[in-house]
Every structure is written in structure tokens, then in C-alpha cells.
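# Breakdown of the fold
So the chains spell out like this:
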Amino acid sequence: MPRPKSPCGTYSAYQRHLRAKEPIDAACRRAQRDHNANRSRLSLQSDTAVQPAPIPVPPQEMFRRCAVDLVGFAERGDLFAVDDLMAEMSGLLDEWRGA
Ligand SMILES: [Zn+2]
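Quick look at the structure, then. (Residues numbered from 1 in each chain as written. Predicted model: local features only at pLDDT ≥ 70, side-chain atom pairs only at ≥ 80, totals over all residues. Heavy atoms only, no water.)

### Quick look at the coordination of the zinc ion
- Distances from the zinc ion to its protein donors, namely Cys8 (SG), His17 (NE2), Asp25 (OD) and Cys28 (SG), fall within the range 2.0 to 2.2 Å.
- For the zinc ion, the four donor atoms are set out with angles of 93 to 121 degrees between them, so the coordination reads as tetrahedral. (Donors = N, O, S within 2.8 Å, 3.2 Å for Na, K, Ca; no water. Tetrahedral: all angles 85-135°; square planar, octahedral: opposite > 155°, others 65-115°.)

### A look at the side chain of Asp25
- Here Asp25 lies in the loop between helix H1 (11–19) and helix H2 (26–44).
- For the buried Asp25, which has no salt bridge, the nearest side chain bearing the opposite charge is Arg16, at an N-O separation of 7.3 Å.
- Only 2.9 Å separates the side chain of Asp25 from the side chain of His17, close enough to count as a polar contact.
- Leave out the neighbours within four places in its chain, and Asp25 touches Cys8, His17, Asp69 and Phe73. (Helix = DSSP H or I, 4+ residues; strand = E, 2+ residues; numbered from the N terminus. Buried < 20%, exposed > 50% of the residue type's maximum accessible area, 1.4 Å probe, protein only. Lys, Arg positive; Asp, Glu negative; His and termini not counted. Salt bridge = Lys/Arg side-chain N within 4 Å of Asp/Glu carboxyl O. Polar contact = N/O pair within 3.5 Å; in protein donor to acceptor, adjacent residues only side chain to side chain. Contact = heavy atoms within 4.5 Å.)

### Digging into the nonpolar core
- In terms of nonpolar packing, the biggest core is built from 15 residues, with Cys8, Cys28, Cys66, Leu70, Phe73, Leu85 and Met89 touching the most fellow members.
- Secondary-structure elements contributing two or more residues to this core are H1, H2, helix H3 (59–76) and helix H4 (79–97).
- If one sorts the elements of this core by residue count, H4 sits on top with five residues.
- Non-local contacts of Met89, meaning those with residues more than four positions away in its chain, are made with Phe63, Cys66, Ala67 and Leu70. (Core = buried A, V, L, I, M, F, W, Y, C linked by side-chain atoms within 4.5 Å.)

Distances and angles like these do not, on their own, reveal function.
Set out below in C-alpha cells:
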């Protein structure tokens, strides 16, 4: 069994795309932006400030975002990206099922 990959929309998935020289999809770009925004907010805030809890993205929403990316990849004929994303989506489906 290969190590489960982080789903699109996470900072680690973004980094994986970079390492694999893959196109960065919208969900991962967003995650990267959030990651950077969090870092700069953290450095500006005093430690007495209350951090809002991050809102977790449910697997079905992640799946929907990936499906949108999948359509884009398919339209561009990017078979490699489609293949990779399909694998991620199958992992998301398991999460969605509560596996
Ligand atoms: Zn991604």
C-alpha cells in the first residue's frame, strides 16, 4: 500500500505538487495562501490574542473542489494530473464514507 497522499486543499498537498513539478490546482493554491496568511498573522499577534479555530473542510467539499479541478485537467488533456487527482479523490471518498 502506498502512503496515503494528503488531499488537495492542504499545504502539504501543495508542497507535494511543487516537489512533483505538478500543476497547482485552485484548492492547493488557496491552502498555500491561507498558510502564508496564518503565518504572517501569527507573527503580528501578541500571545494574548485569541486565535479563531480553523474551520475544517468536510471531505465532500474537498471532493467537490477536486472534481472542479478534474474537469479543468480533463479539458486541458492533462492525463497525468487527472490520474493523480482521481487517486486523491478515491481517498477523499473513503474519508467521506467515514472509513
Ligand atoms: Zn492539489
